Structure formats: C-alpha cells, structure tokens
Amino acid sequence: MDYMVNSNAIDQSKFSSWDGTETDWYDVLFEPSPMQQHSISFQNGTNRGSIYASLNYMKNDGIVRGDEDIYKRISGTLNVEYDIKDWLTLSSSNIVTYNNRNQVAENSPYVSAIRPVLSLDPLTPNIYSANNLPSHMQGLVDNGYKLVQDDNGDYFSISDYLAGADDINPNILLYSGSTKSWDHFIQGNTALNLTPIKDLVITSRLGYRLESRNSSAYQSAYYATATRNQDSPSIESTVQSIQYYQLENFLNYTKSIDDHNLVLMAGSSYSSRTSNFVTAGGMGLQFDDELFAYPNYLSTDANSLIHEGDEILNKKLSFYGRLSYDYGNKYMLQASMRADAADLSILPEAKRWGYFPALSLGWTVSNEDWFIQDSKTISSLKLRASWGQNGSTAGLSNFAYSKVIMNDGAYSFDANNPAYISGSVPSSTGNSNLKWETSEQTDFGIDLRLFDNRLTFNTDYYIKKTKDLIVSGTTPTLTIGNTVSPVNAGNVENKGFEFGLGWRDQLGDFKYDISANLATLKNEVTYLDPSIDRIAGFNYNRSTVTAFEKGFPVWYFIGYQVDHIDPATGNPLYVAEDGSLTEAPSSADLTMIGSGIPDITYGLTINLSYKNFDLTVFGQGTQGNEIFSGLTKTDRPQTNRLATYYTNAWTSQNTNAQYARMDYQESYYWQSSAVVFDGSYFKIKQIQLGYNLPDSWLEKIKLSDVRLYTSLDNFFLFTKYPGLDPETSSDSTMGLGVDIGSYPSAKTAVFGLNVTF
C-alpha cells in the first residue's frame, strides 16, 4: 500500500475501507492435482518375424484449479517385421494417438490467467457472497452488467483498486469461457527390404501422418472492467485435416575386403503435405450456455460472423547419396550429398533447388599397431572432424515470394460523370531471388575412455553458420506502401565447446555411474542486408523489446541502460549514445540490455544401485542468460509488481537503492535494464528411487520382473529470478527470454509400478 500511495498510483483514501484481507493469488489459481499414466505392451517373435504392441493412457489434471487445464492422451503402437522370403522382408511401425486438451489463457499481456497471480492486489478477496457485494460491484449488478459467479452463486471479485486493468481475477476467465482442442493422429511407415544379391539391399518405404485437428473457443457474456468485457456470448471453431506422405526408395551396398569396409547408399524421396481447414464462429449465440457453444446456434444477425477455409498443398523432392569407408576400424571417412527441390509455392522456379554436401573423418588412434596395447590407462582414443550443410525453408507461406495484386478502393476519373472505377494495387513487393536458408556446421572432436572404460571424456568445438537467413516483416528504407516479401537478409554464427565427462564403477554390490555435460555458446548476427538497419522483434508495452541486428545475439533485448539511481532525487540515470548520463533518454540511446540465450548450459546425471535398489538424480541448468520481465504494465501503474521493486526502491532513507523512487513512472524505465534479471538456474529435474523384487519372489508369483518406483520431478530449483519459473518465456522465437506470464513447470510426485510377464 505504501508503494502505491508513494508512487501516486492509488490515493490513500482508497484503502480506508480495506478489511484486512490478504489474498495469495498463487493459492487461488494453483492447487496440487493428480496425474496418471498407464501402459501395457506385448512382444513376441519367431525365427521369421517379430511383433510388438502397446497401449498407453495418460491424464494430467494440471496445476490450475478446476478442470480448465486437463490433458488426456490415448495412444497405441504396433510394430511388426516378417521375413516373407529369405530375400524379402516386410516391416511396419504405426502409432495411433488421441489428444484432448483444455487450455488456460497464458503468455499474453492482455488475456491471461497466469499473469494476475503476480499483478493483482492482495487486498481484494477471491469471492464475494451475493448478499455482501462491495458498492462498486453492486452498482454494476444493479445496472444490468453480467458479473461472473461460481457454482454456489457467489461472485468472483473485481478489484476496486485496479480500475480498467487488463489483469483480472483469473477465475473470471476460467468460469466464463473455455478453450478446448481434440486431435487424432495416425502416423507410421511401412517398408519392403529386397536383397536381390549378396551385400545389396533395396528399400522402398512409405511414411505417413494423418491428422484431424479440432479446436473450440467459447466465451460467455461477462463484465470485469471497462476493457475486459463482452456483451454477448461468442464461439469460434476450427476443423483441420492434414495428410502427409513420404515415399523413399534407396539402396545400400556393403562390401568388406580384408580390412577395407565400404558402404554405399543412394536414394530419392518424395513428400506431399495437404492441409484443409475451415473456421466458423462469431458473437451472438442464441443461448449463453456452453452446451450450445457451436456455430450452428449463432443467431441469424450474429455479429462478426467468421467463415474461413482453404487448402494448402506443399511437395518436396530430394535425391541423396552417401559413401562410408573405414580401414581396419582405424580410419573412417563418410561423404554425402543431397539435393532438395522445394515446392513452387515456397520458392521461385529458378531457386527451388538446394544442394547440401557433408564430409566427416575419424581416426581411432588406440587401434594403431604402434599404440600401447592392453594399456591400463587409455582404453580408447578417437579423433573426429566433420563439415556439412543442410537447408531450410521453414516459416515460408504459400507464394510469399510472389508479387500480389489486390483490389483496393475506387476512383472517379470524370468530374462530369462521377462513376467510380475499382482500382488495384500491389500488396507485396515480390522477391524472385528468394532461396534456401543454409546452415553450415564444422566440428572437431575427441572421444577418450580411460582406466578400463571406467572414465569417459569427450569434447567438441563447433562452428555453425546459418547463411541466407530467411527474414519476413522487414521495413524497407524507402516508403513503398505495401508489404515487403521475405528476403535472404542475414547470417548468424553459433560457436562454442561441448564437454562430457563420466565415471562408472562397481564396489561389490554397489554400482554407480556419474556423468556431466557442459556446452558453451556464442551467438552473433554476422551479416544483415545493408538496406536493413535493425529488425524489430517482440512488442510489449507498445515498445519493441527484442531486435535482430548485426554484431549482436539474435533477438537480443533492446532498451535503455540504467547506470545508477541518483541518490539525491531517486531518478534513474541512463547511459546516452555518447556515453554521457541523462534522465531523459531518446530512441538514439537504445542499446543491448540483455539476451535470452545462455552462455553455458550444463547437466548432471547420477545413477546408483545397490542390490535391488536403484537411485537416479538428474539436473540441468543454464548460466549467462537474462530474462526480460514483462510483468509490469506502464499504462496500469495500479497493478502489483515484483516485490523487489518495493523493497529495493529509492527512499529518503535508502538513497543507495537498486531501483527508482516509487512515484517514478516514466515508460522508458520499464523498457530498461531495470526489468532485466539474471535468468541463470539449476533445476533438479528428477530424483527417482526404485526397487526390483528379488528373483525368488518372482518365481513364486510367476512373473519375470516387478519394479516399484517413486520420483520427485521439478521439485528443487536454484535461481535468482523473482518470477514464477526461469525456464518459461514467450512462446515466440522473437520473444526468447521475455516473461509475460507463462504456465510454470509443475512439481510432480510420481509413484509407479512396472510388471513384466
């Protein structure tokens, strides 16, 4: 309250009616919830074939109270392989899946059930009884506004302190609408392997994925604030079907002569993806009840009726070949080449083909005759080097490279005869030079095993260069009045080291295996088309907070750098473009204030076992990444903020403060380094303890194996980030590391049983 009063966000008189309520919105929204997962599998085989079948069921009730974030999945697997003849083998792998999901709104600065946990005031209760409404809510009811009620008829609160705020009681969202999806998938592949002569295998394989996707978003009429309300119920439903097929034909020829081993592979691939979708909906359902949440129940005069539908067809053709050679398991060489042709809906005809070679070399030093045999120290030593390219057209939509003309407006050419003639204008510039985006990676590595293979060590140095990066949504230097088509506008370089270290041993009945990995990463945009100074990325608080620019990491945080807080005034002093300090920065002073890309990622796995007991501990973490906290709305200063802005704010008694005085509300402060936090963390992802029943017990109950286990997942987190979860961020690539209220990782306690017959 002191912060809000001192910051002039809320007048002191507003708190005169406070009754002492202290609401923990985290407890209001979240609760412990059950999750269950069951599977059963069968397998058998003969000398001519084998079969494997499984059935899996999973239900996760989520951590949001109620049933608004339930996820269900049923899947079945069938794998068969059969030798029809000695020279002909049939194999097939298939998975059938059904998903059903209820989703809560998240990752949005406007409509979110997660953000209010951190932004709502704690002075307002979750619920008011119908006969004890505060005056501001009673007035809304008396004036005919529909406020949201729970199953008992009580009203979910509307804060009197946050007038007009976008963040509202999360239960208003959960009880007034729903977002559901249900999908069916059939995917798999079926192959024939033909061996016409010795050492030659010809394979023909058909891969397929059939999808049926359905979604429905229902919103009842409700009122929460002047900006968060809806007069009539609405529905939007989408039905989509996707058919994907890939036909591959390739041959493998294997030949060994003395110490020379050769494998040749050549083949082709053709794939086709067809997507059909229809969307219908609008405002004006005849009945404000989810039972009637279908487009068929829209009134004839429904507002904003939506009718959309389209068919999208993409095809791809590829040819490829690979040569693998090794001599005496000492010297290894592999060379490959592939040529990919994109559909003409993706790339223009002159640029549709992309060619991507690769080469790798290996030397097993420890297999040399001159190497110390039966060494007690070095068990194996191998040196590796590789270079290769692959291509991508991801993100391109149908005919994005083409010039598009659209009807737009009308004009009269004759003053005496004012007849209007429809006109046409170009809506996109077109780009006949658009081509494949190419990633090129070079890698040098060492694999080392020591002390009778008990100690393992590997290290790699890699450089990955993405060339001709496909960029959309650019702003040209000249005003042309239409949309710029995608361009190959940039190059990005990633480089670093990867390390792996492990030790395994056994002391009597006690076995242990400890392994760790660590990777470094330096990311930089090395080229950007000269016509583009900077590409704007994620937008928040009406400002661009990430950018793509030469000399910086991809989608770095862009903002104003706070040098320190003026001890005399409590105002932040920003670093200007020329290095001086200013209280009023301009757009010229925008600079890099952080990046969501970690400098280091690392992991640790510990496996211990003693007789029939086993223990697994797995953890992972990052270092050097930042998080842009998008949890403060500059246009809604009454909303709650992270506690650090209160406890570490400048006051006359705390002049050496980390943050500005409480009544400092300049918008550029919330696009500065003041909202960037250290995103480094270490999380113990799993601690699992298991026990296998003794063989003597299994013999009595006629079972092959029984294992009981319990696990704690995501239970322990070590971080300085004050938000909900440092692992979560915007679901947009451009918003990597931007936290606007994401669904946090749930702590999970698991109890399981595996039985083998």
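Residues numbered from 1 in each chain as written. Predicted model: local features only at pLDDT ≥ 70, side-chain atom pairs only at ≥ 80, totals over all residues. Heavy atoms only, no water.

(A) Quick peek at the overall build of the chain. The number of helices and strands found in the chain is 7 helices and 40 strands. Along the longest, intermediate and shortest principal axes, the C-alpha atoms of the chain span 90 × 85 × 65 Å. The buried share of the chain, reckoned over its 757 residues, is 40%. Across the chain, the fraction of contacts at a sequence separation of at least 24, relative to all contacts at a separation of at least 6, is 67%. Accessible area for the chain stands at about 40,500 Å²; split by element, carbon and sulfur atoms hold 53% of it. (Helix = DSSP H or I, 4+ residues; strand = E, 2+ residues; numbered from the N terminus. Buried < 20%, exposed > 50% of the residue type's maximum accessible area, 1.4 Å probe, protein only. Contact = heavy atoms within 4.5 Å. Areas by Shrake-Rupley, 256 points an atom, 1.4 Å probe, with all protein chains shown as cover.)

(B) Broad picture of a nonpolar patch on the surface. Side chains of V96, I186, L206, L210, Y245, L247, Y270, L317, F319, M337, W353 and Y355 sit close together on the surface and give an oily, nonpolar patch of about 1,100 Å² of accessible area. At the level of elements, β8 (200-219), β11 (234-257), β13 (298-327) and β15 (353-364) are the ones that each hand at least two residues to the nonpolar patch. Its location among the elements puts F319 in strand β13. (Patch = residues over 30% accessible without salt bridge, like charges linked within 9 Å, V, L, I, M, F, W, Y side chains within 5 Å. Salt bridge = Lys/Arg side-chain N within 4 Å of Asp/Glu carboxyl O.)

(C) Structural view of the nonpolar core. Within the largest apolar cluster, 29 residues are counted, with the highest numbers of intra-cluster contacts made by Y574, F628, Y645, Y669 and V738. When residues of this core are traced back to their parent elements, those giving at least two are β29 (562-565), β35 (626-629) and β36 (676-678). With 24 residues, the next largest nonpolar core counts L29, V64, I114 and I168 among its residues. (Core = buried A, V, L, I, M, F, W, Y, C linked by side-chain atoms within 4.5 Å.)

(D) Structural detail: the packing of aromatic side chains. The full count for this structure, using the stated rule, is 32 aromatic pairs. With a centroid separation of 4.7 Å and 40° between ring planes, the pair formed by F287 and F292 is classed as tilted. Its relative accessible area of 27% is what places F292 among the partly exposed residues. Look at Y461 and F497: their rings are 4.8 Å apart centre to centre, the planes differ by 45°, and that puts the pair in the tilted class. Residue Y461 is located in strand β20 (residues 455-471), and its partner F497 is located in strand β21 (residues 487-507); the two are separated by 36 residues in the primary sequence. Since its relative accessible area comes to 26%, Y461 is described here as partly exposed. One aromatic cluster is present, built from ring pairs that chain together Y645, Y659, Y664, Y669, W670, F677 and Y721. The side chain of R48 reaches across the aromatic face of Y82, ending 6.0 Å from its centre. Across the ring face of F715, the terminal group of K747 is positioned such that the distance to the ring centre comes to 6.0 Å. (Phe/Tyr/Trp six-rings, centres within 6.5 Å; stacked < 30°, edge-to-face > 60°. Lys NZ or Arg CZ within 6 Å of the ring centre and 35° of its normal.)

(E) Geometry of the pattern of salt bridges. The tally for this structure, following the rule as stated, stands at 25 salt bridges. Salt-bridge contacts for E211 lead to R209; the nearest nitrogen and oxygen are separated by 2.5 Å. Relative accessible area serves as the criterion here: at 24%, R209 is assigned to the partly exposed category. K683 is paired through a salt bridge with E727; the nearest N and O atoms lie 2.7 Å apart. Residue K683 is found in strand β37 (residues 681-692), and its partner E727 is found in the loop between β38 (705-719) and β39 (738-739); the two are separated by 44 residues along the sequence. Taking the relative accessible area as the measure of exposure, K683 reaches 3% and is therefore buried.

(F) Up close: the environment of T377. Within the secondary structure, T377 is located in the loop between β15 and β16 (378-392). Distance in space between the C-alpha atoms of T377 and G20 is 71 Å, their sequence separation being 357 residues. Leave out the neighbours within four places in its chain, and T377 touches R449, L450 and F451.

(G) Representation of the sheet that holds β29 in the model. In spatial order, the strands read β29-β30-β31; together these 3 strands make up an open sheet with antiparallel pairing. Here the strands that pair on one side only, and so sit at the sheet edges, are β29 and β31 (581-582). Both β29 and strand β30 (residues 572-575) contribute to a ladder of 3 bridges, which runs antiparallel. For V562, the partnering residue across the bridge sits in β30 and is Y574. (Pairing = 2+ DSSP bridges.)

(H) Structural context of the pairing of β8. Where strand β7 (residues 177-194) meets β8, 18 bridges bridge the pair, whose relative direction is antiparallel. If you follow S181 over to β8, its bridge partner there is S215. Linkage of β7 to β8, two consecutive antiparallel strands, is achieved through a turn of 5 residues, within which D199 is found at a positive phi near 75°. Note: β8 against β11, 20 bridges, orientation antiparallel. Residue pairing in the sheet places V201 in a bridge with N252 of β11.

(I) A look at the environment of F371. Along the chain, F371 falls in the loop between β15 and β16. Separated by 345 residues in the primary sequence, F371 and F716 have C-alpha atoms spaced 47 Å apart. If we skip the residues at most four places from it in the chain, F371 touches V365, S366 and I378.

(J) Structural view of the sheet that holds β39. Here 3 strands make up an open sheet; going across it, the order is β36-β35-β39 and the pairing mixed. With partners counted over all chains shown, the strands left at the sheet margins are β36 and β39, one partner each. As defined by bridge partners, β35 adjoins β39 across 2 bridges and the pair is classed as parallel. Across the sheet, F628 pairs through a bridge with V738, a residue of β39.

(K) Local environment of unusual backbone geometry. At D468, a position not held by glycine, the phi torsion is positive, near 55°. With respect to the helices and strands, the residue D468 is situated in strand β20. Look at D468 and you get partly exposed, because its relative accessible area is 24%. If you check the backbone angles, N714 has positive phi at about 60° while not being a glycine. Considering the arrangement of structural elements, one finds N714 in strand β38.

(L) Structural detail: the environment of K685. As for its position among the elements, K685 is in strand β37. Sequence spacing of K685 and N714 is 29 residues, and the spatial spacing of their C-alpha atoms is 4.5 Å. At a separation of 3.4 Å, a polar atom in the side chain of K685 contacts the side chain of E727. (Polar contact = N/O pair within 3.5 Å; in protein donor to acceptor, adjacent residues only side chain to side chain.)

(M) Quick look at the confidence of the model for the chain. Counting all residues, the mean pLDDT for the chain is 91, and 95% of those residues have values of 70 or more. By mean pLDDT, the top-scoring element of the chain is strand β22 (residues 510-520) (98), and the lowest-scoring one is helix α1 (residues 2-6) (68). (pLDDT = per-residue confidence, 0-100.)

(N) Inspection of the side chain of S272 at higher detail. Mapped onto the secondary structure, S272 falls in strand β12 (residues 260-285). In this structure S272 touches Q243, Y244, Y245, L313, N314 and K315, once residues within four positions along its chain are discounted.

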